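Descriptive analysis of the structure
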Amino acid sequence: MGIDDLTPEFSPSAQTSGSNLAAIVAGLRHSREVTHKIRHQGHVRELPCRATLTQIRDGLLAALFPSHYGCSNLTDETIDYYVGHTLSRTLGALTEQVRRGLLLLEPENRARFEEADCAACDIVRDFAAQLPAIRTALVNDLKAAYRGDPAATSLAEVLLCYPGMRAVIHYRIAHALTKLGAPLVPRMLASISQTETAIDIHPDAEIGPHFFIDHGVGVVIGQTAIIGENVRLYQHVTLGAKRFAEDETGALVKGEPRHPIIEDNVVIYAGATILGRVTVGKGSVIGGNVWLTRSVPPGSFVSQAQNRLAEEE
Amino acid sequence: MGIDDLTPEFSPSAQTSGSNLAAIVAGLRHSREVTHKIRHQGHVRELPCRATLTQIRDGLLAALFPSHYGCSNLTDETIDYYVGHTLSRTLGALTEQVRRGLLLLEPENRARFEEADCAACDIVRDFAAQLPAIRTALVNDLKAAYRGDPAATSLAEVLLCYPGMRAVIHYRIAHALTKLGAPLVPRMLASISQTETAIDIHPDAEIGPHFFIDHGVGVVIGQTAIIGENVRLYQHVTLGAKRFAEDETGALVKGEPRHPIIEDNVVIYAGATILGRVTVGKGSVIGGNVWLTRSVPPGSFVSQAQNRLAEEE
Amino acid sequence: MGIDDLTPEFSPSAQTSGSNLAAIVAGLRHSREVTHKIRHQGHVRELPCRATLTQIRDGLLAALFPSHYGCSNLTDETIDYYVGHTLSRTLGALTEQVRRGLLLLEPENRARFEEADCAACDIVRDFAAQLPAIRTALVNDLKAAYRGDPAATSLAEVLLCYPGMRAVIHYRIAHALTKLGAPLVPRMLASISQTETAIDIHPDAEIGPHFFIDHGVGVVIGQTAIIGENVRLYQHVTLGAKRFAEDETGALVKGEPRHPIIEDNVVIYAGATILGRVTVGKGSVIGGNVWLTRSVPPGSFVSQAQNRLAEEE
């Protein structure tokens, strides 16, 4: 619902006077065009739309898990029609959003528009072909969650209720799109996920199968993090960067590998913070609230007290 | 709005080709039916619906606090009609959702359907009878919040703005339903609450009256936690489990008492983490960022420095 | 969508029986009117509405950043019409909400209604005149974010995806309204922001230009906090109060200065907690997870280990 749908009972009884409004509109124009211009490359006006991406996300969830996220009353006879129709509309809309994201990379000219059109189709076609594999990965994450949480009573409960599961679904979709070269849209999907789950996973991060975040609020997984198989995290865990490289102008270098590498079968308990391009070796357990800025070998058990001793050495 | 409501300006200009789409739909079918089947007991297709439960939650809020969450322009003459009508629709819709949750527990057959129908009616009828008592408890929580926060200027401000209050409202509704035997729906209500408040309270937890969470982001209250009267928590507090019991197969034991017991009149400051089936005695104060895995007697004051000394003993 | 819009497939199949419903409605009435009356000053029934304020927020975003948050397909010729129309509707609706907030301060009588009407118009007129300046401040925050995050690839990405940016937008709008004397509405805007970003900034806080919160989940900035220019915060940072003054009845004193002062060019890393009316001097760096309850001079670097030594002195 937009501003024209405000219910009648809230229709303004006192309008801002015409001349006053004109001054404000002129002031905003001056800010946009002269003093504080931020339009991409000066001219791009078509940007990916968060509201549409939210609907696209809903469509993808419904296609991947139609009984859980789609329509009820589906039968063996009708379910494929539902999935096919949903995907058809969703992928078409996604193509348009990806196209808009691609325009941000290129100056506006007719040739580029056509290229962005084709590139968007290619990206979405390749993404769509991956959907069965994405579903496989998500079901493996789902089973890891069920095994990893004593409070889980069914797979349906995990799929419908767990913010960690919801965040992983968004991640795997966004990650597939970013690997295929779609700009901006993956990060907007991650942003939608963060709004709903308070879990912040950069789409560029690499996360292996059977991944589970329990509770999850406050988890931050940085852009260049690498996570292996069968890893379990709890709430408030940060896999972050320790310091940022600067170039000769003092500006931060973009994209440097600067986040942790978490190997297979690691468990990281609530509140632990791991910073920098350090490695947590296979099978390690990082205790709650640990502050870790060094690598640890496979099979390590790091508690807060031990870690303080290590810091003091 | 569903996928068929995508606004015309975003109608897909490039459709995924028919044959390509058929392959994807077939791949998803294969995943759902053969390789990665997760449908509950193989066949359950009717699941509780999050969107509907959100509307039901809105209806319950409007019935409990009609001036704050319902309709404006209510008068002494009209308010009971509004409350009665809202409840009538809401409780009917809730009955259907509870019925779907009950079906998850039972194999699909006609006798069971009828039983689930009756059981859902019983549960919702008994829940509805508790609504005045639930309102009483919530008003007591509201007053505890107003007393406990120097920034609160009115009860209306707390009721309309405080995520901690919002989370407690969801908890007391979900808890009532779970005590009456409704499966899944309570956890879905808790999930809706967590999406909106970033506060994670398991509906099975037992929480006494006059409960206040200030700020609240990141609070986690585990499934078997027990909280007394007049308890106050701040943001990032975790009442969690320390380790999980495993059975002979190595699988985690579900449902074991494994979360803290917080006695009356305790205050737990921001970032404190309390793990395991430990007891925090009456009137204790747990300082910020304390990591506590042992019981403390009534009247304790635990700060980080003290706690580190205690850990080292 | 309200309770009357529940889709037909979820129409209640079993209605709560008439006599049972009457008892519940009577019980709720008794709670509202007799035992647990919370209506403001006993009678106020018109309160600001969160749903409407969410639309107003959308309208303000669209007026401030029309290409990013408004309509696509805007051109140089049409954009001012869009902005002017959006603002006209939005500011009118905002005037009504501010009026309702003002009614909470005053007993209900005809003279007061008229005063609230005028006061609301004055507040919103003065707020609207500040919109170009608010946009300026937000563009400066946007640029600070782009400079401060190695993962940011464009200003559009920051504006569309970063929860910290979203939270700052809400803060600067809410703060302008609270300085102009609007009650309740600023705090409701802050609450809407917190729901979406898990960042909790009290509208009364004073925050200087070029402000950036990276990641941001769990940040809490208290009512009387003062933040200078060019300050950068990370996730889970708390600028909170240490203890609350009580008056002679034991009730908490409302509004006392009790939160930190953060001077210019300070960086506060993830998880740091700073409590009390302490000052962090210019150019200081507060390391992650530091627990700080004392002032530090300009140019300080405070790490966890150093801080523990300082605590033990």
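In this text, all values refer to a predicted model and were calculated from it rather than measured experimentally. (Residues numbered from 1 in each chain as written. Chains lettered and ligands numbered in written order. Predicted model: local features only at pLDDT ≥ 70, side-chain atom pairs only at ≥ 80, totals over all residues. Heavy atoms only, no water.)

**Re unusual backbone geometry**
At B:A198, a residue that is not glycine, the phi angle is positive and equals roughly 60 degrees. Assessed through its relative accessible area of 6%, B:A198 is described here as buried. Non-glycine residue C:H210 carries a positive phi angle of around 60 degrees. Tracing the chain through its elements places C:H210 in the loop between β2 (206–207) and β3 (212–213). (Buried < 20%, exposed > 50% of the residue type's maximum accessible area, 1.4 Å probe, protein only. Helix = DSSP H or I, 4+ residues; strand = E, 2+ residues; numbered from the N terminus.)

**Concerning the interface of chain C and chain A**
Chain C puts 75 residues into the contact, and the matching count from chain A is 60 residues. Buried surface at the junction of chain C and chain A, both sides included, amounts to about 5,800 Å², of which 57% is carbon and sulfur. Counting the contacts that link chain C with chain A gives three salt bridges. A salt bridge links A:R32 to C:D80; its shortest N-O distance comes to 3.1 Å. Connecting chain C to chain A are 14 residue pairs in polar contact (both at pLDDT 80 or more). Those elements that place two or more of their residues in the side of chain C that touches chain A are α2 (50–64), α3 (66–69), α4 (79–103), α5 (110–129), α6 (131–148), α7 (155–161), α9 (185–197) and α10 (304–312) of chain C. Element by element, the count of residues in the side of chain C that touches chain A is highest for α4(C), at 17 residues. Taken together, the residues of the side of chain C that touches chain A break down into 34 nonpolar, 27 polar and 14 charged. (Contact = heavy atoms within 4.5 Å. Buried area = accessible area lost by both parts, 1.4 Å probe. Salt bridge = Lys/Arg side-chain N within 4 Å of Asp/Glu carboxyl O. Polar contact = N/O pair within 3.5 Å; in protein donor to acceptor, adjacent residues only side chain to side chain. Nonpolar A, V, L, I, M, F, W, Y, C, P; charged D, E, K, R; others polar.)

**Brief notes about the relation of the copies chain C and chain A**
With an RMSD of 0.0 Å, the fit of chain C onto chain A corresponds to turning through 120 degrees and sliding 0.0 Å along the axis. A rotation of that kind, with that shift, is consistent with a three-fold axis. Interface residue correspondence from chain C to chain A reaches only 12%, placing this contact among heterologous pairings that use different surfaces. (Least-squares fit on C-alpha atoms with pLDDT ≥ 70 in both.)

**Quick notes on the packing of aromatic side chains**
Residues and elements named next belong to chain A. As enumerated under the stated definition, the model contains three aromatic pairs over all chains in all. Ring centres of Y234 and Y269 lie 5.0 Å apart, and the angle between their planes is 10 degrees; this geometry places the pair in the stacked category. Here the residue Y234 occupies a position in the loop between β6 (232–233) and β7 (238–240), and Y269 occupies one in the loop between β9 (267–268) and β10 (273–275), the gap between them amounting to 35 residues. A residue is classified by how much of its surface remains accessible, and Y234, at 6% relative accessible area, is buried. Using a relative accessible area of 25% as the deciding quantity, one classes Y269 as partly exposed. (Phe/Tyr/Trp six-rings, centres within 6.5 Å; stacked < 30°, edge-to-face > 60°.)

**Things to note about the side chain of C:T238**
Positionally, C:T238 belongs in strand β7 (residues 238–240). One polar contact links C:T238 to B:Q235, side chain to side chain, over a distance of 3.3 Å.

**Points about empty space enclosed by the protein**
Using the criterion set out here, one finds 17 cavities of 30 Å³ or more in the structure. Looking at the largest cavity, its volume works out to about 580 Å³. Secondary structure elements with two or more residues in the lining of the largest cavity: α10 (304–312) of chain A, α10 (304–312) of chain B together with α10 of chain C. Grouping the constituent residues of the lining of the largest cavity by class yields nine nonpolar, 21 polar and six charged. The calculated volume of the second largest cavity comes to roughly 270 Å³. (1 Å grid on protein atoms, 1.4 Å probe; cavity = no way out; pocket = protein on both sides within 12 Å on 5 of 7 lines; lining within 4 Å. Points joined across faces, edges and corners; volume = space filled by probe spheres on them.)

**Focus on the environment of C:Q97**
Residue and element names in this part refer to chain C. Along the chain, Q97 turns up in helix α4. The class of Q97 is buried, set by a relative accessible area of 0%. Along the primary structure Q97 and A62 are separated by 35 residues, whereas in three dimensions their C-alpha atoms are 19 Å apart.

**Quick notes on the packing of helix α8 (residues 163–179) of chain B against helix α9 (residues 185–197) of chain B**
All names here are of chain B. In the contact formed by α8 and α9, the axes pass within 8 Å of each other and the chain directions differ by 175 degrees. Relative to α9, α8 is oriented roughly antiparallel. Where α8 abuts α9, its residues P163, R166, A167, H170, I173, A174, L177 and T178 lie against V185, P186, L189, I192, S193, E196 and T197. When its residues are assigned to classes, the contact of α8 with α9 shows nine nonpolar, four polar and two charged. (Axes fitted to C-alpha atoms, helices over the stretch in contact; angles between N-to-C directions. Parallel < 35°, antiparallel > 145°, perpendicular 65-115°, else oblique.)

**What to know about the sheet that holds strand β10 (residues 273–275) of chain C**
Residues and elements named next belong to chain C. Taken together, five strands build an open sheet; the order of strands is β1-β4-β7-β10-β13 and the sheet is parallel. Both outer strands of the open sheet, β1 (200–201) and β13 (291–292), are each paired with one neighbouring strand and no more. With two bridges joining them, β10 and β13 adopt parallel strand pairing. If you follow I274 over to β13, its bridge partner there is L292. (Pairing = 2+ DSSP bridges.)

**What to know about the sheet that holds strand β13 (residues 291–292) of chain A**
All names here are of chain A. One open sheet holds the five strands; their spatial order is β1-β4-β7-β10-β13, and the pairing between them is parallel. Looking along the sheet, the strands with just one partner apiece sit at the ends: β1 (200–201) and β13. Of the pairings in the sheet, the one linking strand β4 (residues 220–221) to β7 comprises two bridges and is parallel in character. Bridged to V220 within β7 is T238.

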